[in-house]
Amino acid sequence: MVVSRRRRTQAKNPRSNLLISMADDSDSDWDTVCEECSSGKQPSKLLLCDKCDKGFHLYCLRPILVSVPKGSWFCPSCSKHQIPKSFPLVQTKIIDFFRIKRSLDSSQISSSSDSIGKKRKKTSLVMSKKKRKLLPYNPTIDPQRRLEQMASLATALRASNTEFRNKLTYVSGKAPRSANKAVLEKGGMQVLSKQGVETLALCKNMMDRGECPPLMVVFDPFEGFTVEADRVIKDWTIITEYVGDVDYLSNREDDYDGDSMMTLLHASDPLQCLVICPDKRSNIARFISGINNHTPEGRKKQNLKCVRFNINGEARVLLVANRDISKGERLYYDYNGYEHEYPTEHFV
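In this report, the structure presented in the accompanying data block is examined. (Residues numbered from 1 in each chain as written. Predicted model: local features only at pLDDT ≥ 70, side-chain atom pairs only at ≥ 80, totals over all residues. Heavy atoms only, no water.)

**Regarding the overall build of the chain**
Point 1. Check the secondary structure of the chain and you find 5 helices and 14 strands.
Point 2. Counting over 348 residues, the chain shows a buried share of 50%.
Point 3. For the chain, the share of sequence-separated contacts (at least 6 apart) that also reach a separation of at least 24 residues comes to 69%.
Point 4. About 17,700 Å² of surface is accessible on the chain, with carbon and sulfur atoms providing 50% of the total. (Helix = DSSP H or I, 4+ residues; strand = E, 2+ residues; numbered from the N terminus. Buried < 20%, exposed > 50% of the residue type's maximum accessible area, 1.4 Å probe, protein only. Contact = heavy atoms within 4.5 Å. Areas by Shrake-Rupley, 256 points an atom, 1.4 Å probe, with all protein chains shown as cover.)

Pasting the structure below:
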């Protein structure tokens, strides 16, 4: 529910939860105030619980809501969703959830990781002061710990009703794959080198075998689901590809629940612009947090950068480490690295 701009009246709009612009735009003399800050200011950011009718600013909630949710919304007291139930730490269930190739058992996966690590030392995928090259992530060797990492991601995906996918998906009613043409990018798009393509393919193949990135998804009462490094990650390492359903931006202009949408293609023709929508199908990228880029402290948190590449003629989005990341450090990138229009001023 949302608050009407008419004084001393309240209007519910369960279809969209949009603020209804009516007679008075004043921020004063409001009947409804935020339960957290006791202010009725910024009514466009004020939500009403559909059960108790109490008001809350989007930015006063923990975790913060970036945009007005669709449909009914319930405050923390009325919501039945507390700490998410953990996904079972059972290998067969995790294998089924992530569609891991069953040809490898735990011992084989461990051996595979060891051999990949040895091969990696012999390749030229190393940091260079003259020319930087993308590095594949280094999976955790302990198979039990990898199960725990994958279970943490499964917990977050299940709690958000999201199906696991590790590649862009094209579904009926949205943008077809033929629309994803990197050549349409306004100003051009950098082409990923052959070596970079091979490195990305290696990361994808490791994930298919159950050798996931060394990351843990944790639930924070202030930030919601967020991602932490579970081992040291080197600068310029591929963390993951940002994936989800591909759609035209024009189809999503009135989507007020699209706070995780990512630009895929910024074309000269607005009708050709594409976005990635991870609300139904996605991977760990959906849970990586954005910085508050309005403060120096927020900008200092950034340890990833979002890079769009032309890969075999199609636009793709990669999240890459932009410095060495310590074990236990949370992952952050700048949501406004390109458009400078995402509201991050209230991010923690």
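Next, the rest of the story.
**Describing helix α1 (residues 91-98)**
Point 1. Within the span of α1, buried status applies to Ile94, Ile95 and Phe98. Buried positions in α1, seen along its axis, are confined to an arc of 100 degrees and lie on one side of it.
Point 2. A positive backbone phi angle near 55 degrees is found at Arg99, which sits one or two residues after α1. (Arc of directions from axis to C-beta.)

**Considerations on the pattern of salt bridges**
Point 1. In this structure the tally under the stated criterion is 16 salt bridges.
Point 2. In this structure, the salt-bridge partner of Glu241 is Lys204, at a minimum N-O distance of 2.7 Å. You can see Glu241 sitting in strand β6 (residues 238-241) and its partner Lys204 sitting in helix α4 (residues 194-208), a full 37 residues away along the chain.
Point 3. For the salt bridge of Glu228 with Arg330, the shortest nitrogen-to-oxygen distance reads 3.3 Å. On the criterion of sequence distance, the pair formed by Glu228 in strand β5 (residues 224-229) and Arg330 in the loop between β13 (314-321) and β14 (332-333) is long-range, its members being 102 residues apart. (Salt bridge = Lys/Arg side-chain N within 4 Å of Asp/Glu carboxyl O.)

**Some points on the sheet that holds strand β8 (residues 262-265)**
Point 1. Read across the sheet, 3 strands follow the order β7-β9-β8 without closing on themselves; strand pairing throughout is antiparallel. Each end of this open sheet is capped by a strand with a single partner; those strands are β7 (245-248) and β8. For this sheet, the mean angle separating the axes of adjacent strands, direction not counted, is 40 degrees.
Point 2. In the sheet, β8 pairs with strand β9 (residues 274-277) via 3 bridges, with the strands oriented antiparallel. Bridging across to β9, Thr263 finds its partner in Val275. (Pairing = 2+ DSSP bridges. Axes fitted to C-alpha atoms, helices over the stretch in contact; angles between N-to-C directions.)

**Quick look at the packing of α1 against helix α3 (residues 143-159)**
Point 1. The geometry of α1 relative to α3 is characterised by a closest axis approach of 10 Å and an angle of 55 degrees between their N-to-C directions. Here α3 runs oblique to α1, going by the angle between their axes. Crossing of α1 over α3 shows left-handed handedness. Residues Gln91, Ile94, Phe97 and Phe98 of α1 lie in contact with α3, whose contacting residues are Leu147, Met150, Ala151, Leu153, Ala154 and Leu157.
Point 2. Along the lines of polarity and charge, the residues of the contact of α1 with α3 split into 9 nonpolar, 1 polar and no charged. (Parallel < 35°, antiparallel > 145°, perpendicular 65-115°, else oblique. Left-handed = near helix turned anticlockwise from the far one by under 90°. Nonpolar A, V, L, I, M, F, W, Y, C, P; charged D, E, K, R; others polar.)

**Section: unusual backbone geometry**
Point 1. The backbone of Asn161 sits at a positive phi, close to 55 degrees, despite the residue not being glycine.
Point 2. With respect to the helices, strands and loops of the structure, Asn161 is situated in the loop between α3 and β3 (163-164).
Point 3. By relative accessible area, Asn161 is classed as exposed at 67%.
Point 4. Phi at Asn312 is positive, roughly 55 degrees, even though this residue is not glycine.

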